[in-house]
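So the chains spell out like this:
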Amino acid sequence: MIGRVATMGLCLAAGALAPVPAHAQTVPTAPGYTMPFTATWDMRAAHGATYRIFVSYPEGEAPEGGFPVLYVTDGNALFASFAETRRMIGWTKGQEMIVVGVGYPTDQAYDVRRIDDFTGVPTTSLAYAKYAKEKNGGWDRFLDFLTGELRTEIGKRYKTNPARQSLFGHSLGGLFAAHTLFTRPDAFHAIIAASPSLFWHEALTRREERDFVARLQAGKGGQVARLLVVSGEREEAVLERWDAEAFAKRMEPLSAHGLRVQSMVYKDEGHMTVPARAVTDTLRFALTWP
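None of the values given here were measured: they were computed from a predicted structure.

Asks: How would you sum up unusual backbone geometry? Please name residues and give values.
Replies: Cis geometry marks the peptide bond from W289 to P290; its omega dihedral reads 5°. Here F37, not a glycine, exhibits a phi torsion of approximately 55°, which is positive. Mapped onto the elements, F37 comes out in the loop between α1 (2-16) and β1 (38-44). Residue class for F37 comes out partly exposed when judged on its relative accessible area of 29%. Here S171, not a glycine, exhibits a phi torsion of approximately 65°, which is positive. For S171, the location among the structural elements is in the loop between β5 (160-170) and α5 (172-183).

Asks: I'd like a description of helix α4 (residues 139-157), backed by residues and values.
Replies: In this model α4 runs 25 Å from its N-terminal to its C-terminal C-alpha over 19 residues, within 8% of the 27 Å that 1.5 Å per residue would give. In the structure, α4 departs most strongly from a straight axis at L150, where the bend amounts to approximately 35°. For α4, the set of buried residues is W139, F142, L143, F145, L146, L150, R151 and I154.

Asks: Tell me about the pairing of strand β4 (residues 98-103), and name the residues and values.
Replies: For β4, the tally of buried residues reaches six of six residues, placing the bulk of the element in the interior. Burial along β4 is two-sided: I98, V100 and V102 and V99, G101 and G103, pointing in opposite directions, are all buried. Sheet topology note: the strand β2 (residues 50-56)/β4 ladder contains five bridges and is antiparallel. Along β4, the bridge assignment pairs I53 with V102. Bridging between strand β3 (residues 67-73) and β4 involves five bridges; their strand directions are parallel.

Asks: Can you tell me about the sheet that holds β2, naming the residues and giving the values?
Replies: What the eight strands build is an open sheet, ordered β1-β2-β4-β3-β5-β6-β7-β8; its pairing is mixed. Both outer strands of the open sheet, β1 and β8 (261-266), are each paired with one neighbouring strand and no more. Adjacent strand axes in the sheet meet at a mean angle of 20° when their direction is disregarded. Packing against the sheet, helix α7 (residues 239-251) makes contact with β7 (226-232) and β8, and its axis sits at approximately 155° to β7.

Asks: Can you tell me about the packing of aromatic side chains, naming the residues and giving the values?
Replies: The final tally for this structure, using the stated rule, is 17 aromatic pairs. Ring plane angle 65° and centroid distance 6.3 Å describe the contact between Y71 and F188, whose orientation is recorded as edge-to-face. Of this pair, Y71 sits in strand β3 while F188 sits in the loop between α5 and β6 (190-194); the two residues are 117 residues apart in sequence, bridging distant segments of the chain. A residue is classified by how much of its surface remains accessible, and Y71, at 1% relative accessible area, is buried. Ring geometry for F142 and F176: centres 5.2 Å apart, planes at 55°, overall tilted. Here F142 is found in helix α4, whereas its partner F176 is found in helix α5, with 34 residues between them in sequence. Residue F142 is classed as buried on the basis of its relative accessible area, which comes to 1%. Under the relative-accessibility criterion, F176 is labelled buried at 0%. Each member of the aromatic cluster is reached from another via a ring pair, and the members are Y51, Y104, F118, F142, F145 and F176. Over the ring of W41 we find R157, and its NZ or CZ is 3.5 Å from the ring centre.

Asks: Now, about the pairing of β5: what can you tell me, with residues and values included?
Replies: Counting buried positions along β5 yields nine of 11 residues, so the element is predominantly enclosed. Two elements, β3 and β5, share five bridges in a ladder whose sense is parallel. Within the sheet, the bridge partner assigned to F67 lies in β5 and is T160. As paired elements, β5 and β6 share five bridges and run parallel to each other. The residue of β6 that forms the bridge with S166 is A190. In terms of handedness, the path from β5 via α5 over to β6 forms a crossover that is right-handed.

Asks: Talk me through the side chain of E209; I want residue IDs and the actual numbers.
Replies: Structurally, the position occupied by E209 is in helix α6 (residues 202-217). In this structure, E209 is in contact with F182, F247, R250 and M251, ignoring residues within four places of it in sequence.

Asks: Please set out the packing of helix α2 (residues 75-89) against helix α8 (residues 274-287) residue by residue, giving values where relevant.
Replies: Think of two packed helices as two axes; the pair is described by the angle between the axes and how far apart they sit. Relative to each other, α2 and α8 sit at 50°, their axes nearing to 10 Å. In terms of their interaxial angle, α2 and α8 are classed as oblique. In terms of crossing hand, the pair formed by α2 and α8 is right-handed. For the pair α2 and α8, the contacting residues are L78, S81, F82, T85, R86 and I89 in the first and P275, V279, T280, T282, L283 and L287 in the second.

So, how was this worked out
Residues numbered from 1 in each chain as written. Predicted model: local features only at pLDDT ≥ 70, side-chain atom pairs only at ≥ 80, totals over all residues. Heavy atoms only, no water. Helix = DSSP H or I, 4+ residues; strand = E, 2+ residues; numbered from the N terminus. Buried < 20%, exposed > 50% of the residue type's maximum accessible area, 1.4 Å probe, protein only. Expected span 1.5 Å × (residues − 1). Bend = angle between axes of the 7 residues up to and from the residue. Pairing = 2+ DSSP bridges. Axes fitted to C-alpha atoms, helices over the stretch in contact; angles between N-to-C directions. Contact = heavy atoms within 4.5 Å. Phe/Tyr/Trp six-rings, centres within 6.5 Å; stacked < 30°, edge-to-face > 60°. Lys NZ or Arg CZ within 6 Å of the ring centre and 35° of its normal. Right-handed = clockwise from strand over helix to strand, strands pointing away. Parallel < 35°, antiparallel > 145°, perpendicular 65-115°, else oblique. Left-handed = near helix turned anticlockwise from the far one by under 90°.

This is how it looks when you write it as structure tokens:
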């Protein structure tokens, strides 16, 4: 979560101020690594916020109908893992796709703005009460940007398949992924919720889930994304494992109403290592068609 990342950043900063041993070698300056077949730019949304967009795209011509697209939240932290794995999977014909990381104009892995983009109201979790005063509640505005302006811009720059658009979110991003499923189930053809922080504001999330289930059971759900829920065996906040497992189990009976669900618990993985473990499973899940 944000607190853990911030603490780590402070520790690294303190280390940077420590004196350098006299015997330490000077590392020669060299160019930074540039990942092949990628692009990045900053994009200002209609609501005024600026996002850093990271894209990993296949080499060569798009297939008939266009490339599938996977949108990855927390792009600063997660894009590189997804991009390089996408490139390896893409060596198999028919497995080419585009990965779009959505992040912020910073060199840090995480930005506090994610609280606003991935939540509906202030947190009600006592464990994270110190974040209750951070700007929050912007998840519908962020979802509008993802499915509207950004999707349009990606479609202008690359040949994409409008019917094969997927979403990955981890932690608060996983909460946002669940919100997307509950409120706009037809916005993506596949949704991956990794270690979703469903406890962040439980009352709101439970209400959205009940409304979603009622619509599906009444035959009013329309087109519904397929869902993958993953978590780690060693989640530091154990609720993120318990809630993920229970969430998947609650969703499974909805297969009779069009919702296809898979779930996995990764052995020996903690909260911050789940995304790296989930990369290949996510890409394969997003590529599965129809």
